[in-house]
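Each chain is listed here by its residues.
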Amino acid sequence: MRIARFSIDGNVAFGAVEGEGTVESGGLVLDIIKGIPYTDFELSGTKVPLSKVRLLPPVLPNKVVAIARNYAEHASELGNEVPEVPVAFFKPTTSVIGSGDAIEYPSFSNQLHHEAELAVVIGRMCREVPRERVKDVVFGYTCANDVTARDAQQREKQWARAKGFDTSCPLGPWVETDLDPSDLAIQATVNGEQRQLGRTSDMIRSIEDLVVHITEAMTLLPGDVILTGTPAGVGPLNVGDEVAVTIEGIGTLTNKVIKRG
C-alpha cells in the first residue's frame, strides 16, 4: 500500500494512493485514512484526486538517521575508504521537505550535490532490535535525497551544516508499505539527464544491519527515517535545476533548486 500525507483546504491527512500513473500524469486518487497509519487504521471511503491536493513529506520524523559510505563505488568516487562500521549522522526535522517543494541553495556553499537514497520509515517504537525482528518495526520505504553542501562538508569536517541545512532532506512522494527492498533500482536525474543509477543490492550493509546497529544506541520512534546511503554518481546542483530520485517499486521524488531568499 502507498501511504501519502497531504493537505487540502487547510487540513492535513493521510491517504492510501490508488490507481496507476505518476503524480504528474494524473489518474491517482487518495482514499483518506481515519487516524494515523502507524497503528491499525481504516480507509474512510472518501476519495480525492491526487491532483487536487498538495503532497507533504510523507512522515514528520522525530529524527532522520543517515548512513555514510554504504556503497563502495560512492566512497571511492569521493576518495574515501569503506568504513569498518556504519558511520551515522543526523539530519534535523527542519531539513525535511516533500516532493514538489523547493531545495533552497544555502548561502554558505558553492558546491551543492544530490545523493539519491532509499529511506526506511520506522513504524513502531523500538530499541535493541534483533535481526529477526527488523521487519516488524519497519513501516515502509520512500525516496530520499541527502542534499549535501560538499564544500562545507570538506571544509568543516563535521557534517551538521553541510547535510543538515533547511530543505536538505527531500522525502516522498509517499511511503510504500509492501516492498522487498533488497534489490531495487535507484536513479537520480537532473533536468532529465541521468546522473546516478545503482541497485540497493550493492549496499555494503543491509537494512537489517543498519537497524540493529542504530537501535543498539538509540530508540527509534514511529515516523523516524533511516537514510541507507547513496550509489556512485553524485554531482552538482545549480539554481534552476530540477532533480528527481526514482526508486523501483516506490515512485519519483522531484524537487527544484531555488536561490535562498
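Note that the coordinates shown come from a computational prediction; the quantities given were computed from them, not determined experimentally.

What to know about the overall build of the chain
Move 1: Across its full length, the chain holds five helices and 20 strands.
Move 2: Radius of gyration (C-alpha) of the chain: 17 Å, near the 18 Å computed for a compact globule of 261 residues.
Move 3: Projected onto its principal axes, the C-alpha coordinates of the chain cover approximately 55 × 45 × 30 Å.
Move 4: Counting over 261 residues, the chain shows a buried share of 52%.
Move 5: For the chain, contacts bridging at least 24 residues in sequence account for 70% of all contacts bridging at least 6.
Move 6: As displayed, the chain has an accessible area near 11,700 Å², and 48% of this comes from carbon and sulfur atoms.
Move 7: Across the chain, 25 positive and 35 negative side-chain charges occur, with their mean positions spaced 5 Å apart.

Let's talk about the nonpolar core
Move 1: In terms of nonpolar packing, the biggest core is built from 39 residues, with L30, I226 and I247 touching the most fellow members.
Move 2: Put simply, the parts of the chain that give this core at least two residues each are β1 (2-8), β6 (64-68), β11 (116-122), α2 (134-137), β12 (138-145), β15 (185-190), α5 (207-215) and β19 (242-247).
Move 3: If one sorts the elements of this core by residue count, α5 sits on top with five residues.
Move 4: If we ignore the near neighbours within four places in the chain, the residues touching I247 are E117, L118, T142, C143, L184, A185 and I186.
Move 5: Among the nonpolar cores identified, the runner-up in size contains 20 residues, and I33, V64, F89 and V175 belong to it.

Some remarks on the sheet that holds strand β13 (residues 148-149)
Move 1: The three strands lie next to each other as β13-β10-β18, forming an open sheet whose pairing is antiparallel. Each edge of the open sheet is held by one strand with a lone partner, namely β13 and β18 (235-237).
Move 2: Relative to β18, strand β10 (residues 112-114) runs antiparallel, the two being bridged by three bridges. Within the sheet, the bridge partner assigned to H113 lies in β18 and is P236.

A look at the layout of surface pockets
Move 1: The volume enclosed by the largest pocket comes to roughly 330 Å³.
Move 2: Lining the largest pocket we find 17 residues, and of these K135, Y141, D180, P181 and E208 sit closest to its centre.
Move 3: Broken down by class, the residue content of the lining of the largest pocket amounts to eight nonpolar, five polar and four charged.

With respect to the side chain of T228
Move 1: Mapped onto the fold, T228 is located in the loop between β17 (225-227) and β18.
Move 2: Here the side chain of T228 touches L118 through a polar contact of 2.7 Å, landing on its backbone oxygen.
Move 3: When residues no more than four places from it in sequence are discounted, the contact partners of T228 are I67, N70, Y71, E117, L118, V120, M203, I207 and L210.

A short note on the packing of aromatic side chains
Move 1: Enumeration according to the criterion identifies three aromatic pairs in this entry.
Move 2: Consider the rings of Y38 and F139, whose centres lie 5.2 Å apart with planes at 70 degrees: the pair is edge-to-face. Here Y38 is found in the loop between β3 (29-34) and β4 (42-49), whereas its partner F139 is found in strand β12, with 101 residues between them in sequence.
Move 3: Here the guanidinium or amino end of R2 rests over the ring plane of W174, the centre of that ring lying 5.5 Å away.

Concerning the sheet that holds strand β16 (residues 193-199)
Move 1: Taken together, the five strands give an open sheet; going across it, the order is β9-β20-β19-β15-β16, and neighbouring strands pair in mixed fashion. Each edge of the open sheet is held by one strand with a lone partner, namely β9 (102-105) and β16. Shown here is a sheet whose adjacent strand axes are inclined to one another by a mean of 20 degrees, direction ignored.

The rules behind each value
- Residues numbered from 1 in each chain as written.
- Predicted model: local features only at pLDDT ≥ 70, side-chain atom pairs only at ≥ 80, totals over all residues.
- Heavy atoms only, no water.
- Helix = DSSP H or I, 4+ residues; strand = E, 2+ residues; numbered from the N terminus.
- Rg over C-alpha atoms; globule rule 2.2 N^0.38 Å.
- Buried < 20%, exposed > 50% of the residue type's maximum accessible area, 1.4 Å probe, protein only.
- Contact = heavy atoms within 4.5 Å.
- Areas by Shrake-Rupley, 256 points an atom, 1.4 Å probe, with all protein chains shown as cover.
- Lys, Arg positive; Asp, Glu negative; His and termini not counted.
- Charge placed at Lys NZ, Arg CZ, Asp CG, Glu CD.
- Core = buried A, V, L, I, M, F, W, Y, C linked by side-chain atoms within 4.5 Å.
- Pairing = 2+ DSSP bridges.
- 1 Å grid on protein atoms, 1.4 Å probe; cavity = no way out; pocket = protein on both sides within 12 Å on 5 of 7 lines; lining within 4 Å.
- Points joined across faces, edges and corners; volume = space filled by probe spheres on them.
- Nonpolar A, V, L, I, M, F, W, Y, C, P; charged D, E, K, R; others polar.
- Polar contact = N/O pair within 3.5 Å; in protein donor to acceptor, adjacent residues only side chain to side chain.
- Phe/Tyr/Trp six-rings, centres within 6.5 Å; stacked < 30°, edge-to-face > 60°.
- Lys NZ or Arg CZ within 6 Å of the ring centre and 35° of its normal.
- Axes fitted to C-alpha atoms, helices over the stretch in contact; angles between N-to-C directions.

Any link to function would need more than the numbers given here.
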